[in-house]
Amino acid sequence: MATLSSSKHCCSSSSVYSSSSSFGFHQPQRNIPFPVVSQKRLGSKSVSWQSKCSPSSNVILMQDGALVTKRAATDEAPPSKLKEGLLSITPPEEHKQLINFDANADKSTVSITVVGASGDLAKKKIFPALFALYYEDCLPEHFTIFGYARSKMTDAELRNIVSKTLTCRIDKRENCSEKMEQFLNRCFYHCGQYDSQQNFVELDKKLKEHEAGRVANRLFYLSIPPNIFVDAVKCASLSASAANGWTRVIVEKPFGRDSESSAALTRALKQYLEEDQIFRIDHYLGKELVENLSVLRFSNLIFEPLWSRQYIRNVQLIFSEDFGTEGRGGYFDHYGIIRDIMQNHLLQILALFAMETPVSLDAEDIRNEKVKVLRSMKPISIDDVVIGQYKSHTKGGVSYPGYTDDKTVPKDSLTPTFAAAALFIDNARWDGVPFLMKAGKALHNRRAEIRVQFRHVPGNLYNRNFGTDLDRATNELVIRVQPDEAIYLKINNKVPGLGMRLDRSNLNLLYKARYSKEIPDAYERLLLDAVEGERRLFIRSDELDAAWSLFTPVLKELEEKKITPEYYPYGSRGPVGAHYLAARYNVKWGDIGVDE
C-alpha cells in the first residue's frame with residue numbers, strides 16, 4: 001500500500017487553471033497490419049516506439065489513441081517497409097493524411113510521473129523497476145521520469161534517495177554505475193498538493209520543457225492512498241494530460257472496501273478517464289509463475305485434457321507471510337487479510353487458473369474469460385470461511401508480539417490476520433471441485449503457491465503399498481510463485497531394490513537451477529505493459545465488480561455479527577479451524593507435511 005511522507009509540505013495552490021486537453025481522443029478499434037508500433041491522432045503527427053523487450057507482428061488502435069502490439073506470430077508478410085528512415089504504407093484514402101510522416105523527424109516521448117514519489121512503494125518498487133527497464137533497454141529513446149509529492153525536495157535530493165534503492169542485473173553488472181548515472185539524470189521532482197490544479201499546471205510546464213515539442217505520451221502512477229485517487233486524477237486530467245499523445249493512469253489497490261465503495265470509486269474515476277486509460281494494478285499478476293500458468297496449461301498437451309473436475313480433486317491457493325504488521329497495522333486494520341490478499345491476489349490467480357481457453361491472447365479475450373469464471377462462482381457461505389488473528393508467542397527465547405500489541409491497532413480489534421475459505425465454480429468444467437484459499441500473516445514461513453491435487457487412480461494395483469493413506473498416492477502439481485520459483489509434479493515410483501517399495505518423488509523445474517537469467521520483478525513487467533498499452537495483466541472494471549460481488553456479502557456478515565477470530569501463535573501454521581474446513585471436503589492442505 002502506498003504511504004504518504006510526513007515531511008513538510010509545499011505551499012498551497014493559487015486559483016490558476018490549465019486549458020490543457022482532457023484525457024484522450026477516442027477512436028473505434030481497428031486492425032492495422034504493420035509491424036512497427038505507431039500512433040496517430042487527428043490534427044497531429046505522432047510516432048510511438050517499439051520496445052526491444054516486446055517483439056510483435058501487428059497492432060491494434062486502442063480507444064486512448066495508441067496503437068498496441070498483438071504479441072502473436074504471423075506468417076503474413078507485412079505490407080509496409082522501411083526505406084531510408086521513412087515508413088511507407090499504402091493506406092485507405094481517408095487515412096493518408098494521418099499517417100504520412102517522417103519517422104526520424106517526428107519522434108515521440110514518454111513522460112512517467114510517480115505521484116506519491118516520497119512513499120515507500122515508490123522508493124522500494126517503482127523507481128527500481130523503472131531503472132531495471134532502462135537497464136534492459138526496454139524504455140523508449142526519449143523518456144522522462146518525474147516524482148510528484150507534497151514533501152519539499154530538490155531534483156538532487158530525489159536522485160540521492162532513488163540511487164540507494166537501485167540494483168543491476170547480474171549478467172550486466174559491468175556498466176552498472178554508468179547506467180545508474182544516465183537513469184538518474186532523467187529523474188526530476190516537482191513538489192505539489194494532490195488536489196491542486198495549479199500545482200499540476202506547473203508540473204505540465206516542466207513536462208513540456210523536457211518533451212521538447214515531441215509527441216508527448218504521459219503515464220501517471222498513483223502511489224498514494226485511495227482516498228485521494230480522485231483528486232489526483234481530476235487535477236492530472238484537467239491540468240497535465242497529454243495534448244497530442246495518450247494519457248494513462250496506473251491505480252494501486254485497494255479498489256474500495258466492498259461492492260458499493262468500489263463502484264463509487266470507478267464512477268468517480270470515469271468522470272475524468274475512459275476505462276481503457278485506467279490500469280488497475282495487481283502486482284501478483286505480473287509475477288513470472290502466474291504469467292506462466294496459462295503457458296503451462298495451454299501449450300502442453302499433457303495438462304489441458306486433465307484440467308477439469310474429471311481428474312482434479314481440489315485446487316489450493318496458499319499465501320503466507322512470516323511477519324506481522326510491524327507498525328503498519330493502522331492501514332491493515334481497516335481492510336484485513338480477506339480484502340488485502342484473498343479478494344484480489346488469490347482470486348485473480350484462481351480466475352486465470354480456471355478460465356476457459358480464450359479466443360486469443362488479446363487482453364480483452366483473456367479478461368472476458370476471467371470475468372465468466374468470477375460470475376460463475378457460487379456465493380461464499382460464512383460456514384465455508386475460517387478467520388484467525390495472531391497472538392504473542394515466545395520461541396527460542398525470542399518474544400514475538402501479537403496483532404493487537406501493534407500500537408496502531410485497537411486493543412479490541414477483531415480484524416482477521418488469517419483466513420481460509422472454500423469456493424466453488426458452478427460450471428460444467430469445475431462443478432463440485434473445491435477451490436481452497438488460505439492466507440495469513442505471522443505464519444511459520446513465507447510462500448505463495450498453487451497446488452493441484454488430482455484424483456486417486458481408480459482400481460490402483462498398488463494401493464496396498466500405500467496402506468490406508470491414499471493421499472500419499474495422489475499426484476500433485478505445485479506451482480510455487482514465491483520464493484524459489486518452481487514447478488514440480490509429485491509422482492509415484494519404485495524404489496530401486498529387489499522388493500516392491502514405492503516412493504513419492506518430484507519432477508522438478510526449479511527456475512534458479514534451470515535459468516541463469518534473473519527473474520524480473522512483477523512491477524517491471526506491469527510498468528512495461530502500461531507504457532506499451534498492453535492491458536492483459538490489469539483488472540477491468542467488470543472484473544472488479546464480479547470479485548467484490550463474491551466477497552462483499554460474507555465480509556458484511558463477519559463484521560455485522562462481530563465474529564471473533566480464532567487466535568494462533570505468532571510463527572505457527574495458523575488456526576486449527578482451517579484444517580477442519582479442508583477435512584469437510586475430504587482435503588488435506590498440501591503445504592502440511594514432510595514433503596511440502
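Residues numbered from 1 in each chain as written. Predicted model: local features only at pLDDT ≥ 70, side-chain atom pairs only at ≥ 80, totals over all residues. Heavy atoms only, no water.

Visitor: Sorry if this is basic, but what is going on with the sheet that holds strand E8 (residues 187–191) here?
Guide: Strand pairing in a sheet is mediated by backbone hydrogen bonds. Such pairs are either parallel or antiparallel. Pairing is parallel across the open sheet formed by six strands, whose spatial order is E8-E7-E6-E9-E10-E11. Edge positions in the sheet fall to E8 and strand E11 (278–281), since each has one partner strand and no second. Strand-to-strand, the axes of this sheet are offset by a mean angle of 20 degrees, without reference to chain direction. Direction of pairing for strand E9 (residues 215–222) relative to strand E10 (residues 247–252): parallel, over a ladder of five bridges. The residue of E10 that forms the bridge with Leu222 is Val251. Here helix H6 (residues 229–239) sits on the sheet in contact with E9 and E10, set at roughly 170 degrees to E9. (Pairing = 2+ DSSP bridges. Helix = DSSP H or I, 4+ residues; strand = E, 2+ residues; numbered from the N terminus. Axes fitted to C-alpha atoms, helices over the stretch in contact; angles between N-to-C directions. Contact = heavy atoms within 4.5 Å.)

Visitor: It is not clear to me how the pattern of salt bridges should be interpreted in this structure. Could you clarify?
Guide: Any two side chains of opposite charge can pair if their charged atoms end up close together. Taken as a whole and judged by the stated rule, the model has 31 salt bridges. A salt bridge links Lys208 to Asp204; the nearest nitrogen and oxygen atoms lie 3.2 Å apart. Residue Lys208 and its partner Asp204 are located together in helix H5 (residues 197–211), separated by four residues, close to a single helical turn. Exposure remark for Asp204: the relative accessible area of 5% places this residue in the buried category. Between Glu364 and Arg540 there is a salt bridge, with the nearest N and O atoms lying 2.6 Å from each other. Pair noted here: Glu364 is in helix H10 (residues 363–376) and Arg540 is in the loop between helix H13 (522–532) and helix H14 (541–560), with a separation of 176 residues, a long-range link. On the basis of relative accessible area, Arg540 is assigned to the buried category, the value being 11%. Taken together, the salt bridges that share partners define one network made up of Glu288, Glu291, Arg525, Glu534 and Arg536. (Salt bridge = Lys/Arg side-chain N within 4 Å of Asp/Glu carboxyl O. Buried < 20%, exposed > 50% of the residue type's maximum accessible area, 1.4 Å probe, protein only.)

Take it as geometry only, folks, not as evidence of what the structure does.
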